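Here is how the chains run, residue by residue.
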Amino acid sequence: MLRYVLSDSGHPTVKMAAPRSWALWSFCGCGWSRAVSGCRLPGLRSSSPRGPLGARLLSQEKEATETHFGFETVSEEEKGGKVYQVFESVAKKYDVMNDMMSLGIHRVWKDLLLWKMRPFPGTQLLDVAGGTGDIAFRFLNYVQAQHQRKQKRQLRAQQNLSWEEIARKYQNEEDSLGGSHVMVCDINKEMLKIGKQKARAQGYKAGLAWILGDAEELPFDDNKFDVYTIAFGIRNVTHIDQALQEAHRVLKPGGRFLCLEFSQVNNPLLSRLYDVYSFQVIPVLGEVIAGDWKSYQYLVESIRQFPSQEEFKEMIEDAGFQKVTYENLTSGIVAIHSGFKLYLR
Ligand SMILES: COc1cc(O)cc(C/C=C(\C)CC/C=C(\C)CC/C=C(\C)CC/C=C(\C)CC/C=C(\C)CC/C=C(\C)CC/C=C(\C)CC/C=C(\C)CC/C=C(\C)CCC=C(C)C)c1O
Ligand SMILES: C[S@@+](CC[C@H](N)C(=O)[O-])C[C@H]1O[C@@H](n2cnc3c(N)ncnc32)[C@H](O)[C@@H]1O
């Protein structure tokens with residue numbers, strides 16, 4: 001993985017988060033159109049000020065404390081609890097629903113995320129909103145395979161070793177992951193519980209840890225991780241700008257941010273097919289398979305509330321990341337955003 005350094009000109013500054021835009025969509029059978037849209041001032045998180053300025057700030061504060069839960073308008077305080085209930089409810093059927101809804105394609109998206117990451121031996125990964133561990137398990141598979149290839153190359157280079165010497169080399173390999181480690185952080189106990197069950201069932205032990213934590217207030221020190229991933233998680237976070245600033249904080253200088261999230265489809269025909277499939281099929285699948293129509297209605301609505309590729313790129317830049325890029329997958333159904341926490345020479 002390349003580490004970028006900044007030349008002496010310019011340096012990352014953290015600006016105010018870009019105003020969050022929102023949109024209410026109306027589905028008139030032939031496609032979605034933005035019924036209402038607007039933007040709010042960045043969430044004011046100060047204590048309540050006094051005087052005329054205070055009154056204006058308070059009104060902004062009230063305005064800023066409203067957000068969306070799918071197409072529903074809720075208070076920011078309510079959203080976290082509603083999202084928690086969604087994933088508490090779907091946790092047991094989460095993985096099978098992913099395959100059913102995405103026709104198995106979500107596996108390819110997650111594989112591509114790992115391929116883009118190309119972790120090096122010794123990578124310390126923080127997978128936020130890691131849920132049932134899909135990204136973590138792919139990371140461990142990747143680094144273990146990479147380490148085994150390296151071992152084979154080294155042993156081929158020492159053909160004249162005796163059998164005992166080769167056996168000793170393998171025995172001395174106390175760490176088959178080359179020192180790599182993944183920390184899975186998620187706010188939901190039920191999702192982590194399923195992830196731990198899968199890890200036990202699939203034999204994942206070394207190089208893996210699980211922690212309950214909020215993307216908006218990560219329980220980690222500054223400058224701790226080489227890579228930060230968040231897959232299909234940031235869409236559910238109440239204060240996305242806060243989560244992005246936390247991501248920047250916990251990454252080491254030179255570290256990399258990678259986000260796999262639903263985005264805006266760039267093909268009009270596919271977009272219409274996708275809308276019909278999303279709003280007519282997915283909630284039905286949610287009811288039939290998971291017994292939870294509402295959570296899957298929230299899923300498809302929350303996708304349409306998430307910023308576009310370019311808007312989200314700007315939010316990542318506002319959090320202080322540099323060299324921010326994105327790559328569309330499946331015509332923009334999802335996108336992988338990438339950014340770097342650069343350091344001065
Ligand atoms: C509450 O929040 C959540 C809950 C969750 O459970 C998950 C998430 C996160 C979500 C994901 C990670 C994935 C969510 C997926 C979507 C939002 C949909 C993405 C959509 C696509 C990739 C397909 C795009 C569809 C279109 C462009 C429209 C065209 C539609 C089709 C061509 C299909 C139309 C099909 C029908 C109308 C028939 C009804 C469909 C079914 C009965 C489902 C069919 C399912 C299968 C055939 C099984 C597929 C399973 C596999 C292939 C398994 C693969 C296994 C291995 C390879 C081992 C979340 O936030
Ligand atoms: C759709 S799942 C994604 C799970 C996993 N990353 C994957 O790709 O399968 C979304 C996850 O985000 C978690 N989540 C939602 N809000 C969060 C927050 N504020 N902090 C941490 N995790 C959060 C949920 O508990 C859930 O496990």
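As the structure is a computational prediction, the values presented were derived from the model and not from experiment.

Peer 1: Pulling in residues and values, what's your account of the UniProt feature "binding site: S-adenosyl-L-methionine" (unreviewed entry) in the protein chain?
Peer 2: The residues that UniProt annotates with the feature "binding site: S-adenosyl-L-methionine" (unreviewed entry) are Thr132, Asp186, Asp214 and Ala215. By the secondary structure assignment, Thr132 is in the loop between β6 (124-128) and α5 (134-156). According to the relative accessible area criterion, Thr132 is buried, its value standing at 1%. In this view, Thr132 contacts Tyr94, Asp95, Phe137, Met191, Ile194, Gly195, Lys198 and Trp210; residues no more than four positions away in its chain are not counted. Residue position: Ala215 is located in the loop between β8 (208-212) and β9 (225-231).

Peer 1: I'd like a rundown of α5, residues and numbers included.
Peer 2: In this model, α5 (23 residues) spans 33 Å end to end at C-alpha, consistent with the 33 Å of a helix rising 1.5 Å per residue. Within α5 the residues assigned to the buried category are Asp134, Ile135, Ala136, Phe137, Arg138, Phe139, Leu140, Val143, Gln146, His147, Gln151 and Leu155.

Peer 1: Describe unusual backbone geometry, with residues and values.
Peer 2: In this structure, Asn223 is a non-glycine residue whose phi angle is positive, near 55 degrees. Counting through the fold element by element, Asn223 comes out in the loop between β8 and β9. Of the residues examined, Asn223 reaches a relative accessible area of 40% and is grouped as partly exposed. A positive phi angle, close to 55 degrees, is found at Ser331, a residue other than glycine. Take Ser331: it is sitting in the loop between β11 (322-329) and β12 (334-340). Residue Ser331 is classed as partly exposed on the basis of its relative accessible area of 31%.

Reading the values: rules and limits
- Going along each chain's sequence as written, the residues are numbered from 1 onward.
- Naming scheme: in the order in which they are written, chains are lettered from A and ligands are numbered from 1.
- Totals for whole chains, interfaces and linings use all residues, but because this is a predicted model, local features are given only for residues with pLDDT of at least 70 and pairs of side-chain atoms are given and counted only at 80 or more.
- Calculated side-chain values reflect all of the structure's heavy atoms, with hydrogen atoms and water omitted.
- UniProt positions are given in the numbering used here, feature names are shortened, and annotations may be inferred rather than shown by experiment.
- The helix count covers DSSP runs of H or I at least four residues long, the strand count covers runs of E at least two residues long, and both are numbered beginning at the N terminus.
- Under the scheme applied here, a residue whose accessible area is under 20% of the maximum for its type counts as buried, over 50% as exposed, and between as partly exposed, the area being computed with a 1.4 Å probe on protein chains only.
- When checking whether two residues touch, look at their non-hydrogen atoms; a contact exists if any pair is within 4.5 Å.
- An expected span of 1.5 Å times one less than the residue number is assigned to each helix.

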